[in-house]
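# Analysis of the macromolecular model
The lines below spell out each chain.
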Amino acid sequence: MTLEEYISVHSTPENEVLESIVRDTHIHILNPHMLSGHVQGRVLSMISHMIRPNRILELGTFTGYSALCLAEGLSEDGELVTIEHNDELETTIRRNLAKSPLSSKIRLLIGDAKEILQRKSLSAKRSVSGAVCQRSGLSASAVFDLVFIDADKREYCAYLDLVYPLIPVGGFILADNTLWDGHIIDPAYDKDKQTLGLRAFNDRLAADERFEKVILPLRDGLTIIRKIQ
């Protein structure tokens with residue numbers, strides 16, 4: 001048994017909905033490794049339960065696994081807004097979210113996260129298999145207690161700038177893949193744009209006194225960030 005397997009066995013198991021998403025993602029979707037997976041999913045759920053957020057923003061839905069994990073900790077009337085750029089995944093996301101009773105708390109936006117955050121406009125909603133889907137953006141007064149960044153690695157610095165005014169002092173940001181499978185310190189990836197984007201994000205965040213931050217060596221690196229000013 002590997003250490004990773006040991007950790008998984010000794011952590012709370014996934015529910016049946018999450019198990020089915022893992023299975024279907026590995027069978028039908030390219031790059032299934034992008035899915036958060038069991039242990040990281042339990043960490044996301046645990047953090048969300050500790051914060052008990054009223055509103056969560058997720059950048060990068062993929063197949064909906066992490067959204068459902070984060071939604072587990074929402075307040076009774078809470079809402080999670082998740083943005084996915086790849087419209088080819090929309091049908092899969094809808095189907096996966098609809099499997100869960102938490103789907104009514106999740107609003108799916110299809111489009112470029114950076115553009116949606118820049119617009120902050122609100123359009124009509126339409127029901128999508130138990131979840132709500134919207135193709136425009138956010139309300140101008142949107143405020144989120146927790147933000148999960150897991151989208152285009154080249155744009156992490158831009159995402160940080162855009163979500164900063166959307167969270168209150170004391171609010172949290174989680175940034176995924178911040179160790180990038182070790183590439184973050186590997187000179188062989190000095191010309192890789194995604195690696196360079198993550199390095200720039202990590203360096204900038206380390207020097208930014210508006211935040212408290214810590215990188216956890218969980219899976220591909222998870223940075224926990226608290227806004228302090």
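Here's what I pulled together on the structure shown here. The structure displayed is predicted, hence computed values, not measured ones.

The grouping of Met-1, Leu-3, Tyr-6, Ile-7 and Val-9 at the surface amounts to a nonpolar patch, some 580 Å² of accessible area in total. With respect to the helices, strands and loops of the structure, Val-9 is situated in helix α1 (residues 3-9). We classify Val-9 as exposed; its relative accessible area is 55%.

Burial runs high along helix α7 (residues 156-163): 6 of the 8 residues are buried. If you check which residues of α7 are buried, you get Tyr-156, Cys-157, Tyr-159, Leu-160, Leu-162 and Val-163.

With respect to the helices and strands, the residue Thr-82 is situated in strand β2 (residues 79-84). A distance of 2.5 Å separates polar atoms of two side chains, one belonging to Thr-82 and the other to Glu-58. For Thr-82, the residues in contact, after removing those within four places along its chain, are Glu-58, Thr-61, Ile-106, Arg-107, Leu-108 and Leu-109.

The next point concerns the pairing of strand β9 (residues 222-227). For a regular strand, side chains alternate in direction, first toward one face of the sheet and then toward the other. Of all 6 residues making up β9, 5 are buried, and the element is well covered by its neighbours. Two strands pair when backbone bridges link them, and strand β7 (residues 172-176) and β9 are joined in this way by 5 bridges, in the antiparallel orientation. Looking across to β9, one finds that Ala-175 is bridged to Thr-223. Where strand β8 (residues 211-216) and β9 come together, 6 bridges link them in antiparallel fashion. Bridging from a neighbouring strand, Ile-215 pairs with Thr-223 of β9. As consecutive antiparallel partners, β8 and β9 are separated by 5 residues, and within that stretch Arg-219 has a phi angle of approximately 55°, a positive value.

This part covers the pairing of strand β6 (residues 146-149). The alternating pattern of β6 places Leu-146 and Phe-148 on one face and Val-147 and Ile-149 on the opposite face, and all of these are buried. Bridging between strand β1 (residues 55-59) and β6 involves 4 bridges; their strand directions are parallel. Residue Leu-59 lies in a different strand from β6, and its bridge partner there is Ile-149. One ladder, built from 4 bridges, connects β6 with β7; its direction is parallel. From the neighbouring strand, Phe-148 faces β7, where its bridge partner is Leu-174. Each parallel crossover has a hand, and for β6 linked through α7 to β7 it is right-handed.

Time to look at the nonpolar core. One recurring pattern in soluble globular proteins is that nonpolar side chains are buried together. Counting 32 residues, the largest nonpolar core has Leu-57, Leu-59, Leu-138, Phe-144 and Ile-173 as its most contacted members. Secondary structure elements with two or more residues in this core: β1, β2, α6 (113-119), β6, α7, β7 and α8 (193-207). Looking at which element gives the most residues to this core, the answer is α7, with 6 residues. If sequence neighbours within four positions are ignored, Leu-59 has contacts with Ile-83, Ala-113, Leu-117, Phe-148, Ile-149, Asp-150, Ala-151, Tyr-159 and Val-163. With 31 residues, the next largest nonpolar core counts Leu-18, Tyr-65, Ile-110 and Leu-146 among its residues.

Each value, and the rule that gives it
- Residues numbered from 1 in each chain as written.
- Predicted model: local features only at pLDDT ≥ 70, side-chain atom pairs only at ≥ 80, totals over all residues.
- Heavy atoms only, no water.
- Patch = residues over 30% accessible without salt bridge, like charges linked within 9 Å, V, L, I, M, F, W, Y side chains within 5 Å.
- Areas by Shrake-Rupley, 256 points an atom, 1.4 Å probe, with all protein chains shown as cover.
- Salt bridge = Lys/Arg side-chain N within 4 Å of Asp/Glu carboxyl O.
- Helix = DSSP H or I, 4+ residues; strand = E, 2+ residues; numbered from the N terminus.
- Buried < 20%, exposed > 50% of the residue type's maximum accessible area, 1.4 Å probe, protein only.
- Polar contact = N/O pair within 3.5 Å; in protein donor to acceptor, adjacent residues only side chain to side chain.
- Contact = heavy atoms within 4.5 Å.
- Pairing = 2+ DSSP bridges.
- Right-handed = clockwise from strand over helix to strand, strands pointing away.
- Core = buried A, V, L, I, M, F, W, Y, C linked by side-chain atoms within 4.5 Å.

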